[in-house]
Amino acid sequence: QVQLVESGGGPAQAGGSRRLSCDASGHIFANNAAAWFRQAPGKEREIVAYSSWNGMRTYYTDVVKGRFTISTDNRRNTVYLQMNSLKPEDTAVYYCAAERVPFQTTPGLSTSDYNYWGQGTQVIVST
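The shown structure was predicted, so the numbers you read here are calculated from the model rather than taken from an experiment.

About the thresholds
- Residues numbered from 1 in each chain as written.
- Predicted model: local features only at pLDDT ≥ 70, side-chain atom pairs only at ≥ 80, totals over all residues.
- Heavy atoms only, no water.
- Salt bridge = Lys/Arg side-chain N within 4 Å of Asp/Glu carboxyl O.
- Helix = DSSP H or I, 4+ residues; strand = E, 2+ residues; numbered from the N terminus.
- Buried < 20%, exposed > 50% of the residue type's maximum accessible area, 1.4 Å probe, protein only.
- Pairing = 2+ DSSP bridges.
- Axes fitted to C-alpha atoms, helices over the stretch in contact; angles between N-to-C directions.
- Contact = heavy atoms within 4.5 Å.
- Phe/Tyr/Trp six-rings, centres within 6.5 Å; stacked < 30°, edge-to-face > 60°.
- Lys NZ or Arg CZ within 6 Å of the ring centre and 35° of its normal.

Trainee: Just checking my understanding: could you explain the pattern of salt bridges for this structure?
Mentor: Pairs can form between side chains of opposite charge whenever their charged atoms are close. Going through the model one piece at a time under the given rule, you end up with four salt bridges. With a shortest N-O distance of 3.0 Å, Arg38 and Asp90 are connected by a salt bridge. One end of the pair, Arg38, is in strand S4 (residues 34-39); the other, Asp90, is in the loop between strand S8 (78-83) and strand S9 (92-99), and 52 residues separate them in sequence. In this structure Arg38 comes out as buried when scored by relative accessible area, which is 5%. Arg67 serves as the salt-bridge partner of Asp90, at 2.8 Å between the closest nitrogen and oxygen. Separated by 23 residues along the polypeptide, Asp90 in the loop between S8 and S9 and Arg67 in the loop between strand S6 (58-60) and strand S7 (68-72) bring together distant segments of the chain. Neither Asp90 nor Arg67 differs from the other in exposure class; each is buried. A network of salt bridges, in which partner residues are shared, links Arg38, Glu46, Arg67 and Asp90.

Following this line, the structure appears as structure tokens:
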């Protein structure tokens, strides 16, 4: 039994910051990697950030590199996405996801690599 619930979305101004949270049940992130995806209006869902099951590897899409940071709490029950220097192009619905196969050593970059998803939280960045 796994449930992922995102929170922290809402309006933001360009140049500002927000932190998204993903609360997990079922201890899924003890063995499975976590990722944040986003989907802008009229666009396909794309990966934003990834953290391996043991936290030893992270991945960020180029357009957020240096601005966004993925992290977990000590119990790995919550996954965070810290977003700094926000741009209007960051406007999207953001989704937390758990990777399908545990103990992977390379990041899954496709939506098909994940089988548990949150409901999404919307971020709107205005100038």
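On we go.
Trainee: Is there a simple way to explain the sheet that holds S7 in this structure?
Mentor: Note on sheets: strands pair through backbone hydrogen bonds, and any given pair is parallel or antiparallel. Taking strand neighbours across the sheet as the criterion, the four strands line up as S1-S3-S8-S7 in an open arrangement whose pairing is antiparallel. Sheet topology places strand S1 (3-7) and S7 at the edges, where each strand pairs with a single neighbour. Strand-to-strand twist of the sheet, defined as the mean angle between neighbouring strand axes without regard to direction, takes the value 15 degrees. Where S7 meets S8, five bridges bridge the pair, whose relative direction is antiparallel. In the sheet register, Thr72 faces S8, and the bridge partner there is Val79.

Trainee: I'm lost on the side chain of Ser21 in this one. Help?
Mentor: Position of Ser21 relative to the elements: it lies in strand S3 (residues 18-25). Contacts of Ser21, omitting those with residues within four sequence positions, involve Val5, Glu6, Ser7, Trp36, Thr78, Val79 and Tyr80.

Trainee: I would appreciate a short explanation of the packing of aromatic side chains in the present structure.
Mentor: Each aromatic ring pair is specified by the distance between its two centres and by the angle formed by the two planes. In total, this model carries four aromatic pairs according to the counting rule given. Ring centres of Tyr114 and Trp117 lie 6.2 Å apart, and the angle between their planes is 65 degrees; on these two criteria the pair is classed as edge-to-face. The class of Tyr114 is buried, set by a relative accessible area of 2%. For Trp117, a relative accessible area of 27% puts it in the partly exposed group. Over the ring of Tyr80 we find Arg19; its NZ or CZ atom is 4.4 Å from the centre of that ring.

None of this, on its own, says anything about what the molecule does.
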